[in-house]
Amino acid sequence: MVARVATITRRGCISIKLRPDHERRFLDAVQAGGFESADDAMDTALEMLRSQNEWLLENRAAIDVKIQQGIAELDRGEGIPEDELDAYLDRLKAQPE
């Protein structure tokens, strides 16, 4: 496994060594199309990460409330038995949004 290393070059660019599996996933995404270059793909990935982090920060309180509600339901014995969970999740996925 290659260590994740980030260094700043003299031009102010960051050099990052990716693990082989990360490099393959990145190159697969670039080759799959939709990107003009590796830089374009990296810009998209970084924007998605920024957007996701922003959404999580904006919704943190609501997420925490839902987690606490779920824990309370489990404490009251209202959870879904493990042997029924997969079927329950499949039904949820099949519902239109």
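This one's a predicted model, so the numbers in the text were calculated from it and none came from an experiment.

Attention now goes to the overall build of the chain. Helix and strand content of the chain: four helices and two strands. Going residue by residue from the N terminus, the α and β elements of the chain occur as β-β-α-α-α-α. Among the 97 residues that make up the chain, the fraction classed as buried is 3%. Residue pairs in contact within the chain that sit at least 24 positions apart in sequence constitute 0% of those at least 6 positions apart. Working note: accessible area of the chain is about 8900 Å², and carbon and sulfur atoms make up 54% of it.

When pLDDT is averaged across the chain, the result is 87; 88% of the residues are at 70 or more. The weakest mean pLDDT in the chain belongs to strand 1 (residues 5-8) at 56; the strongest belongs to helix 3 (residues 60-75) at 95.

Attention now goes to the pattern of salt bridges. Counting across every chain of the model gives five salt bridges. A salt bridge links Arg24 to Asp28, with the shortest nitrogen-to-oxygen separation between them at 2.7 Å. Taken together, the residues Arg24 and Asp28, both in helix 1 (residues 20-31) and four residues apart, mark about one turn of the helix. Between Arg50 and Glu47 there is a salt bridge, and its shortest N-O distance comes to 2.5 Å.

Below, the discussion takes up the side chain of Arg19. Within the secondary structure, Arg19 is located in the loop between strand 2 (14-17) and helix 1. Residue classification places Arg19 among the buried positions, given a relative accessible area of 18%.

This next bit is on the environment of Ala45. Residue position: Ala45 is located in helix 2 (residues 38-58). Under the relative-accessibility criterion, Ala45 is labelled partly exposed at 36%. It is 9.6 Å that separates the C-alpha atoms of Ala45 and Phe26, two residues lying 19 residues apart in sequence.

What counts, and where the lines are drawn
Residues numbered from 1 in each chain as written. Predicted model: local features only at pLDDT ≥ 70, side-chain atom pairs only at ≥ 80, totals over all residues. Heavy atoms only, no water. Helix = DSSP H or I, 4+ residues; strand = E, 2+ residues; numbered from the N terminus. Buried < 20%, exposed > 50% of the residue type's maximum accessible area, 1.4 Å probe, protein only. Contact = heavy atoms within 4.5 Å. Areas by Shrake-Rupley, 256 points an atom, 1.4 Å probe, with all protein chains shown as cover. pLDDT = per-residue confidence, 0-100. Salt bridge = Lys/Arg side-chain N within 4 Å of Asp/Glu carboxyl O.

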